[in-house]
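Structural characterization, general
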Amino acid sequence: MNSNEKNSAKSVRHFLTLTDLTTDEFKQLIYRAIELKTMQHRGEVFEPLKNKVLAMIFEKSSTRTRVSFESGMAQFGGHAIFLSPRDTQLGRGEPVEDSARVLSSMADCLMVRTFEHKKAERLAEYSSVPVINGLTDDVHPCQLLADMQTWFEQRGDIQGKTVTWIGDGNNMCHSYMHAAKILDFQLNIACPEGFEPQQSFIDETRENISIIRDARAACKDSDLIVTDVWASMGQEEEQKQRELAFKNYQVNSKLMQQANSNALFMHCLPAHRGEEVSADVIDGSQSVVWQEAENRLHAQKALLEFLLV
Ligand code: CP
Ligand code: NVA
């Protein structure tokens, strides 16, 4: 059951994972994001969220997610409030259920970046307004809206294409698995033993994914190569051990050469040059990481409009 089915009685639409969207809705959001980007670049003023407020809870650090939501709300004529556990009662043990009731009585939409995915689900369960997942330990659906927008802008529909994920079976990898199922592409996952995606995500997306241990073999015939940090937020103490485990999983020019010659490279950022990706790849001609980062703004504006207007 997805979060919208759970909340159907209240008819509040949440965005906790990509599976909260149908295929048509996902594509609609991508096309709308492309339109909103053109409007923004032309300098058109468009304020569909005038006087609306987005309350954003950040229990983990962020540059892109925070700034894209704050800028997006400002451009739409609304306002965003940044809340961190350090200076709110959330950090002093106020239950998430109580926070959800209070915040949703004052704001029109909530965004949460946190550790446990269940916490985001509890927030949504007790919120009377839409809740957007800005990253949990399990998934990062907003990033996939931007990644897929970037692909569609560069290459058109992704149906039937081959994407290769290199590295950790983490939150980003799980969201790529969801995207593969919803948009119908093939996802090769190259990860070392012990760093596979969670079994529930494998079960959910089995028809669209393959786990291939050898990174070079996984890149063969690929149209898009994607990677992410080896140690995610909250795993800082495992950095050294992970550097060893992932040493054969760096996306460098040798690996890119295994993919199709017009393959693109994406990374959600922040990146560590010399670890999961070499400088010549991330700063090279196949990399679309800056478009991908900018598209966080446009894709999330499309999402806010979809949820709130
Ligand atoms: N990609 C991404 O979510 O970046 P931030 O952690 O800076 O928000
Ligand atoms: N997997 C990374 C993504 C950062 C945007 C993390 O969770 O830290």
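Described below are features of the structure shown in this document. Quick caveat: nothing in here was measured; it's all calculated off a predicted structure.

This part takes up the site of ligand 2. Every residue near ligand 2 is listed here: Leu-135, Asn-170, Asn-171, Asp-228, Val-229, Ser-232, Met-233, Cys-268 and Leu-269. One of the side-chain nitrogen or oxygen atoms of Asn-171 is found 2.8 Å away from an oxygen atom of ligand 2. In this structure, an oxygen atom belonging to ligand 2 sits 2.8 Å away from a main-chain N or O atom of Met-233. Contact with the protein chains hides 94% of the accessible area of ligand 2, taken as 270 Å² for the molecule alone. Along the lines of polarity and charge, the residues of the shell around ligand 2 split into 5 nonpolar, 3 polar and 1 charged.

Pairing between sheet strands relies on hydrogen bonds along the backbone, with the strands arranged either parallel or antiparallel. If you trace the 4 strands from one edge of the open sheet to the other, you get β2-β1-β3-β4, paired in parallel fashion. The outermost strands of the open sheet, each flanked by one partner alone, are β2 (79-83) and β4 (131-133). The sheet shows a mean angle of 20° between the axes of neighbouring strands, direction not considered. Pairing analysis gives 3 bridges linking strand β3 (residues 109-113) to β4, with the strands arranged parallel. Paired with Met-111 across the bridge in β4 is Ile-132.

Below, the discussion takes up helix α2 (residues 23-42). Quick reminder: α-helices carry 3.6 residues per turn. Residues three or four places apart thus point the same way. Over its 20 residues, α2 extends 29 Å from the first C-alpha to the last, a length consistent with the 28 Å expected when each residue adds 1.5 Å. Where α2 is concerned, the buried positions are Glu-25, Phe-26, Lys-27, Leu-29, Ile-30, Ala-33, Leu-36, Lys-37 and Met-39. Residues of α2 that are buried make contact with α6 (141-155), α7 (171-183) and α13 (289-308). Looking one or two places after α2, you find Gly-43, whose phi comes out positive at around 85°.

The side chains of a regular strand alternate, first on one face of the sheet and then on the other. Taking burial as the measure, the 5 residues of strand β6 (residues 186-190) include 4 buried ones, the bulk of the element. On the question of chirality, the crossover connecting strand β5 (residues 162-166) to the parallel β6 by way of α7 is right-handed. Across 3 bridges, β6 lies against strand β7 (residues 209-211) in parallel orientation. When the bridges of β7 are listed, Asn-188 appears paired with Ser-210. Each parallel crossover has a hand, and the one from β6 via helix α8 (residues 199-205) to β7 is right-handed.

About the criteria used
Residues numbered from 1 in each chain as written. Chains lettered and ligands numbered in written order. Predicted model: local features only at pLDDT ≥ 70, side-chain atom pairs only at ≥ 80, totals over all residues. Heavy atoms only, no water. Near = heavy atom within 4 Å. Polar contact = N/O pair within 3.5 Å; in protein donor to acceptor, adjacent residues only side chain to side chain. Areas by Shrake-Rupley, 256 points an atom, 1.4 Å probe, with all protein chains shown as cover. Nonpolar A, V, L, I, M, F, W, Y, C, P; charged D, E, K, R; others polar. Pairing = 2+ DSSP bridges. Helix = DSSP H or I, 4+ residues; strand = E, 2+ residues; numbered from the N terminus. Axes fitted to C-alpha atoms, helices over the stretch in contact; angles between N-to-C directions. Expected span 1.5 Å × (residues − 1). Buried < 20%, exposed > 50% of the residue type's maximum accessible area, 1.4 Å probe, protein only. Contact = heavy atoms within 4.5 Å. Right-handed = clockwise from strand over helix to strand, strands pointing away.

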